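Structure at a glance
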Amino acid sequence: MRDHIHEQSVLEIRLLEISLGELSARLAVPLIGDGATRVSRVAQLTNADAKSLSFLGDARYRRHLAVTGAAAVILKEADAQSAKVPVLISDNPYLTFAKAARILYPQPPVIGGIHPSAIVDESARVDATAWIGPTAVLEAHVVVAARAFIGPGCILAEGVSVDEDCRLIARVTLCAGTRVGKRALIHPGAVIGREGFGFARDGERWIRIPQVGRTVLGDDVEIGANTSVDRGAIEDTVIGDGVKLDNHIQVGHNVTIGDNTAVVSNTGISGSTRIGRNCTIAGAVGIAGHLDIGDDVHFTGMAMVTRSFTEPGVYSSGIPAMPIADWRRNVVRFRHLDDLTRRVKQLEASIQTMSEAQGRGES
Amino acid sequence: MRDHIHEQSVLEIRLLEISLGELSARLAVPLIGDGATRVSRVAQLTNADAKSLSFLGDARYRRHLAVTGAAAVILKEADAQSAKVPVLISDNPYLTFAKAARILYPQPPVIGGIHPSAIVDESARVDATAWIGPTAVLEAHVVVAARAFIGPGCILAEGVSVDEDCRLIARVTLCAGTRVGKRALIHPGAVIGREGFGFARDGERWIRIPQVGRTVLGDDVEIGANTSVDRGAIEDTVIGDGVKLDNHIQVGHNVTIGDNTAVVSNTGISGSTRIGRNCTIAGAVGIAGHLDIGDDVHFTGMAMVTRSFTEPGVYSSGIPAMPIADWRRNVVRFRHLDDLTRRVKQLEASIQTMSEAQGRGES
Amino acid sequence: MRDHIHEQSVLEIRLLEISLGELSARLAVPLIGDGATRVSRVAQLTNADAKSLSFLGDARYRRHLAVTGAAAVILKEADAQSAKVPVLISDNPYLTFAKAARILYPQPPVIGGIHPSAIVDESARVDATAWIGPTAVLEAHVVVAARAFIGPGCILAEGVSVDEDCRLIARVTLCAGTRVGKRALIHPGAVIGREGFGFARDGERWIRIPQVGRTVLGDDVEIGANTSVDRGAIEDTVIGDGVKLDNHIQVGHNVTIGDNTAVVSNTGISGSTRIGRNCTIAGAVGIAGHLDIGDDVHFTGMAMVTRSFTEPGVYSSGIPAMPIADWRRNVVRFRHLDDLTRRVKQLEASIQTMSEAQGRGES
């Protein structure tokens, strides 16, 4: 199993070192300083050492440049003169840093094979370059494409297909019929394609409605730990290319999410809602069902979304926390806010009447 | 393993076809049109083909009747004349559709057996007609009744019992002592019966209190993906017959939920709260502990339930999302809502005084 | 496997009986009554039988003392004379009850060994007194210390270490590099140390940033079912000693939580936020990222935390549920709260003007 290390980056012993000259070339950004200097890890400015590459993304931290122990720093041209160490110049230091980190901590190549403890149905087709980890279960007609990594304890139910270069870290459940595009990254505890929450009421009882759609993930999708994406009731649930879902997210049946939309943890998206492209949905947002959310719509944390928002923009709701005594006083008043508004309206009318009376000299 | 297909409905190749005449008879609803017409799948009016059965539940979609490619449609008598295709007449088209879908997509029968990779304690009793899937673990004194389906990766801890016709899809964890009634459907990632969150404070430290109750599920219960139901501290946590829990729900220790109550995803129910029968609790609702919620109580999404509601009705809270600039302006004012109310009261008093002065001719 | 019962307490057959005399001595609390009386279980006052030990924590339930069937009751000295049965006297009956319950329901000792179905990498080091359960997977360089219990289906990825006396109930996933301190209790579905949600935007696409920190848990930590704690982006995510996390909690990358802080279910803590010691965070709270929460800060349920709170205190937010008609009326008004406040201000000015006019005798 030692050949199938999938998270080598966290090990303490690392040997990869790269020269700033090579980094400059591979990242296509200018270097100021000694190109022979070598780095082997990333670090924040304040805790970097002589083997660390760091970055300055936010001008508020510029003072750290004077004291950092980093071997080199990625920063904007305007900040270059503040640095005492070699620098890589970038218009977007954070993005360049991300790319540098991917060079310093490369994904180890997947080595093909099937662990002897995996249970693979004879009708499943597994590419010779894919890895099926210990205790994984692949049911009938599963297809796993080239260089896919299926970690320990994953369950791929009947008819699932996983495309090239996917990584299912561990203990991922793909329910029957789920389709996963290329280069997906799926974290432990994710449940993709379970039968959605569809019932018809029959007197007091609930009758389950068969859910015969699938869940279809595009390319470059990420699904967080313990996140669920239900399969469609009749048509499919569809997650677009480049969509990133954090942990503990619920995506109901027949939801569609447009390309490159990112959703933060604990958010719930109810059934049949359509979400556009390039949206960002912050943590613990609740989105009701059958809504239409346009492209470039952004919800802030804990927003309560009960109607469609088709125009690009940032939308918010919720009451930020305050000392409990203040909250109690205000919340009691909220229960009478309609009444309060009527009272103000009445006051305005009274004032108007009295003002007119004053104006007419009545007394 | 191919004999133990549990989610056959999502496969693309399906052979089951049924005549409208047979459907009419089995559903006990009148047919208008050719009883020999055969259907093999369900579809929405707008994407149905010549093998599809569809339905019209909501009069707003009646215009689709004119253009649907469906072989047949389930609808109310009043809509029958708008259809160009054979129709099945029902007072409740959605319910009839649900029943028809269950006929078209039958649950395949469970074929008894124990997969060789399953780990079954010698003291466990498994009915010969039940299926224990790959890598499932059954600890001591577990009982699995007739026709139960225990999917891959499920863990049934010591003393668990699972009654007839249950389906545990995959990777379900039933902690020690959990009792599951007949015909339960439990989705991947569900954790039933873990030791609840019970502590006593000892100085700054928390001392865990043994949780010696169980979790007991009635008949026809459904538990969603990654949902947790904690075991009771002293007495049991009890989930009534026909209760349906969606994904990512937290049910605390000693909660009781009455029959046929349905709870939508991401909701949390704190310890020792009692919830009545026939309630519906929408998504992301938070219910505090030690409350008493009556029968036929309904909470809308994201409601914050901090007191008991014993009367039937619909209860709501939360502020719907709005453009962030509006939200910022309003939320700042909320912090002073108590003060604002006092100011209005003061205004009312002033107006009263001034009005009386005007009335008395003082000036 | 029968030797590795980890949740014996829920079994119906139990033999452990203890005399009140021994309990009094072990708990170091005074006994009034017959020290030979034996108890074998805990119960609430209202359902206790002749083998039950109960307690009176809240004076509101004192009337139950007269009718309880308990063999003995733990209570405050002031309540002793109300009891008809032997009593154990404690200043903190709930804490003493917790300690008594731990005596009556002891954790069975872990018996060392590795189940034959477990997959243990040859480079892993497992103490001879630790137990590795069925289908557990231990990857390269994992270390499991003395008397640790690794339940069925657990996955310990590369480089994980689990210290003495930990209990991983079942199906726990510890991602690469995670460090777990002594006496941790981790429930099913927990995912510790997954790569956090870190991306840089590259045009419309998201580029994943390698997450090279770890998750480090102190001693006596508890992690609930289906809870996730992400690993750090560069530095570690750190959970202090004695921290208790309930179910369905999300802890983002680089969060730090101080000693003995307790967090209730469904709460989310965003990345890089620091939380102090001895805090209590109720259910479904949302805490934004990069905040600083001090020691002894308490948030009530569903609080929305968007700024730092460094002073000890209780902080709240949210609108409690009300009948839907009331809610609709009030929530419409909330959208105009800023406007309403301005109208009140205008009224105050008008009143002031008119009042001055009246005072000057203008009319």
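So, here is what we can say about the structure in this document. (Residues numbered from 1 in each chain as written. Chains lettered and ligands numbered in written order. Predicted model: local features only at pLDDT ≥ 70, side-chain atom pairs only at ≥ 80, totals over all residues. Heavy atoms only, no water.)

Before going further, it helps to spend a moment on the overall build of chain A. If you tally the helices and strands in chain A, you get 4 helices and 40 strands. Rg of the C-alpha trace for chain A: 28 Å, well past the compact-globule value of 21 Å for 363 residues, more than 25% over. Each principal axis of the C-alpha distribution contributes one length, and for chain A these read about 95 × 70 × 35 Å. Among the 363 residues that make up chain A, the fraction classed as buried is 61%. In chain A, 19% of the contacts between residues at least 6 apart in sequence involve partners at least 24 apart. (Helix = DSSP H or I, 4+ residues; strand = E, 2+ residues; numbered from the N terminus. Rg over C-alpha atoms; globule rule 2.2 N^0.38 Å. Buried < 20%, exposed > 50% of the residue type's maximum accessible area, 1.4 Å probe, protein only. Contact = heavy atoms within 4.5 Å.)

Looking now at unusual backbone geometry. Residue and element names in this part refer to chain C. Residue alanine 28 is not a glycine yet carries a positive backbone phi of 60°. Positionally, alanine 28 belongs in the loop between α1 (20-27) and β2 (31-32). Although it is not a glycine, asparagine 260 adopts a positive phi angle of roughly 60°. Mapped onto the elements, asparagine 260 comes out in the loop between β30 (256-257) and β31 (262-263).

The next thing to look at is the interface of chain B and chain C. Taken together, the 90 residues of chain B in the interface contact 87 residues of chain C. Regarding the contact of chain B and chain C, the summed buried area is about 7400 Å², with carbon and sulfur atoms giving 62% of it. On the surface where chain B and chain C come into contact, there are 10 salt bridges. We note a salt bridge from B:Glu195 to C:Arg167, for which the minimum N-O separation is 3.8 Å. Put simply, chain B and chain C have 29 residue pairs in polar contact (both at pLDDT 80 or more) between them. Here the side of chain B that touches chain C is built from residues that sort into 42 nonpolar, 28 polar and 20 charged. Relative to strand β40 (residues 322-323) of chain C, strand β39 (residues 313-316) of chain B is paired through 2 bridges, and the arrangement is antiparallel. From the neighbouring strand, B:Tyr315 faces β40(C), where its bridge partner is C:Pro323. (Buried area = accessible area lost by both parts, 1.4 Å probe. Salt bridge = Lys/Arg side-chain N within 4 Å of Asp/Glu carboxyl O. Polar contact = N/O pair within 3.5 Å; in protein donor to acceptor, adjacent residues only side chain to side chain. Nonpolar A, V, L, I, M, F, W, Y, C, P; charged D, E, K, R; others polar. Pairing = 2+ DSSP bridges.)

It is worth spelling out the interface of chain B and chain A at this point. One widely used convention gives an interface's size as the accessible area the parts lose upon coming together. Listed by partner, the interface residues are 87 residues for chain B and 90 residues for chain A. Carbon and sulfur atoms make up 62% of the area that chain B and chain A hide from each other, which totals about 7400 Å². Scanning the region where chain B abuts chain A turns up 10 salt bridges. Where A:Arg208 meets B:Glu222, a salt bridge forms, and the shortest distance between an N and an O atom there is 2.4 Å. The tally of links from chain B across to chain A stands at 30 residue pairs in polar contact (both at pLDDT 80 or more). Elements represented by at least two residues in the side of chain B that touches chain A include exactly α2 (93-104), β28 (244-245), β31 (262-263), β40 (322-323), α3 (324-334) and α4 (337-359) of chain B.

All names here are of chain C. Within the open sheet, the 5 strands sit side by side as β2-β7-β6-β5-β4. Their pairing is mixed. Only two strands of the sheet have a single partner each, and these edge strands are β2 and β4 (41-42). In this structure, strand β6 (residues 72-75) lies alongside strand β7 (residues 87-89), joined through 3 bridges in parallel fashion. Looking at the pairing, valine 73 lines up with valine 87 of β7. In this fold helix α2 (residues 93-104) packs onto β4, β5 (52-55) and β6, with an angle of close to 160° to the strand it touches most, β5. (Axes fitted to C-alpha atoms, helices over the stretch in contact; angles between N-to-C directions.)

Put simply, the second copy of the chain is the first one after a rotation about an axis and a shift along it. Expressed as a screw operation, the relation of chain B to chain A combines 0.0 Å of axial shift with a rotation of 120°, fitting to an RMSD of 0.1 Å. When the rotation and shift are considered jointly, the pair of chain copies conforms to a three-fold rotation axis. (Least-squares fit on C-alpha atoms with pLDDT ≥ 70 in both.)

Quick look at the pattern of salt bridges now. Pairs can form between side chains of opposite charge whenever their charged atoms are close. Overall, the coordinates contain 75 salt bridges over all chains when judged by the stated rule. Across the pair C:Asp220 and C:Arg183 runs a salt bridge whose closest N-O atoms are separated by 2.7 Å. Pair noted here: C:Asp220 is in the loop between β24 (215-217) and β25 (222-223) and C:Arg183 is in the loop between β19 (179-180) and β20 (185-186), with a separation of 37 residues, a long-range link. Accessibility expressed as a relative area gives 40% for C:Arg183, which makes it partly exposed. One network of salt bridges, in which partners are shared, links A:Arg194, A:Arg208, A:Asp230, B:Glu222 and B:Asp246.

Turning our eyes to something else, we now look at α2(B). Residue and element names in this part refer to chain B. The end-to-end C-alpha distance of α2, which contains 12 residues, comes to 16 Å, matching closely the 16 Å that a straight helix rising 1.5 Å per residue would cover. Summarising burial for α2: 9 of the 12 residues are buried, a large majority. Looking only at α2, the buried set comprises Pro93, Leu95, Thr96, Phe97, Ala98, Ala100, Ala101, Ile103 and Leu104. (Expected span 1.5 Å × (residues − 1).)

The subject of this paragraph is the packing of aromatic side chains. Residue and element names in this part refer to chain C. Throughout the structure, instances matching the rule amount to 24 aromatic pairs over all chains. Measuring from ring centre to ring centre gives 6.1 Å for phenylalanine 299 and tyrosine 315, while their planes differ by 45°; the resulting arrangement is tilted. In this pair, phenylalanine 299 sits in strand β37 (residues 297-299) while tyrosine 315 sits in strand β39 (residues 313-316), placing the two residues 16 residues apart along the sequence. In this structure, phenylalanine 299 and tyrosine 315 share a single accessibility class: buried. (Phe/Tyr/Trp six-rings, centres within 6.5 Å; stacked < 30°, edge-to-face > 60°.)

Residue and element names in this part refer to chain A. Assignment of secondary structure puts isoleucine 287 in strand β35 (residues 286-287). The class of isoleucine 287 is buried, set by a relative accessible area of 2%. When the C-alpha positions of isoleucine 287 and serine 270 are compared, they lie 6.0 Å apart, and in sequence the two are 17 residues distant. Apart from residues lying up to four places away in sequence, isoleucine 287 is in contact with Gly268, Ile269, Ser270, Thr273, Ile275, Ile281, Phe299 and Val305.

All names here are of chain A. The side-chain alternation of strand β6 (residues 72-75) yields two buried faces, one formed by Ala72 and Ile74 and the other by Val73 and Leu75. As paired elements, strand β5 (residues 52-55) and β6 share 3 bridges and run parallel to each other. Looking at the pairing, leucine 53 lines up with alanine 72 of β6.

The next subject is the packing of helix α4 (residues 337-359) of chain A against α4(B). Between two packed helices, both the angle of their axes relative to each other and the distance between the axes serve to describe the pair. One way to put it is that α4(A) packs onto α4(B) with a least axis distance of 10 Å and a crossing angle of 30°. Taken as axis vectors, α4(A) and α4(B) run roughly parallel relative to one another. As for how α4(A) packs across α4(B), the hand of that crossing is left-handed. Of the residues in α4(B), those touching α4(A) at A:Leu337, A:Leu340, A:Arg343, A:Val344, A:Leu347, A:Ser350, A:Ile351, A:Met354, A:Ala357 and A:Gln358 are B:Leu337, B:Leu340, B:Thr341, B:Val344, B:Lys345, B:Leu347, B:Glu348, B:Ile351, B:Met354, B:Ser355 and B:Gln358. Class assignment for the residues of the contact of α4(A) with α4(B) results in 13 nonpolar, 5 polar and 3 charged. (Parallel < 35°, antiparallel > 145°, perpendicular 65-115°, else oblique. Left-handed = near helix turned anticlockwise from the far one by under 90°.)

Our focus in this paragraph is the sheet that holds β39(B). Taken together, the 12 strands give an open sheet; going across it, the order is β8(B)-β11(B)-β14(B)-β17(B)-β20(B)-β25(B)-β28(B)-β31(B)-β34(B)-β37(B)-β39(B)-β40(C), and neighbouring strands pair in mixed fashion. Two strands close off the open sheet at either side, each with one partner strand: β8 (113-114) of chain B together with β40 of chain C. Note that strand β11 (residues 131-132) of chain B and strand β14 (residues 149-150) of chain B share 2 bridges and pair parallel. Of the residues in β14(B), the one forming a bridge with B:Ile132 is B:Ile150.

For the rest of this paragraph, the subject is helix α3 (residues 324-334) of chain A. Each α-helix winds once per 3.6 residues, and so residues spaced three or four apart point in a common direction. Within α3(A), the full set of buried residues consists of A:Ile324, A:Trp327, A:Asn330, A:Val331 and A:Phe334. Buried residues in α3(A), looked at end-on, bunch into an arc of 130°, giving them a common side. (Arc of directions from axis to C-beta.)

All names here are of chain B. In this fold, isoleucine 186 is placed in strand β20 (residues 185-186). According to the relative accessible area criterion, isoleucine 186 is buried, its value standing at 0%. Taking the C-alpha atoms as reference points, isoleucine 186 and glycine 224, 38 residues apart in sequence, are found 6.2 Å from one another. Apart from the residues within four sequence positions on either side, isoleucine 186 is in contact with Arg167, Leu168, Ile169, Val172, Leu174, Val180, Leu217 and Ile223.

Residue classification places C:Asp220 among the buried positions, given a relative accessible area of 12%. Of the polar contacts made by the side chain of C:Asp220, one reaches the side chain of C:Arg183; its length is 2.7 Å. Contacts of C:Asp220, omitting those with residues within four sequence positions, involve B:Arg205, C:Lys182, C:Arg183, C:Gly242, C:Val243 and C:Lys244.

A few words now on the side chain of C:Asp230. Here C:Asp230 is to be found in strand β26 (residues 228-231). Beyond its immediate sequence surroundings of up to four residues, C:Asp230 is in contact with A:Asp246, A:Asn247, C:Gly193, C:Arg194, C:Gly196, C:Phe197, C:Thr215, C:Thr237, C:Gln250, C:Val251, C:Gly252 and C:His253.

Here the focus is the environment of C:Ala225. Position of C:Ala225 among the secondary structure elements: in the loop between β25 and β26. By relative accessible area, C:Ala225 is classed as buried at 0%. The spatial distance from the C-alpha of C:Ala225 to the C-alpha of C:Thr37 is 38 Å, given a sequence separation of 188 residues. Once you skip the residues sitting within four places of it in the chain, C:Ala225 turns out to touch B:Val191, B:Arg194, B:Ser228, C:His187, C:Pro188, C:Asn247 and C:His248.

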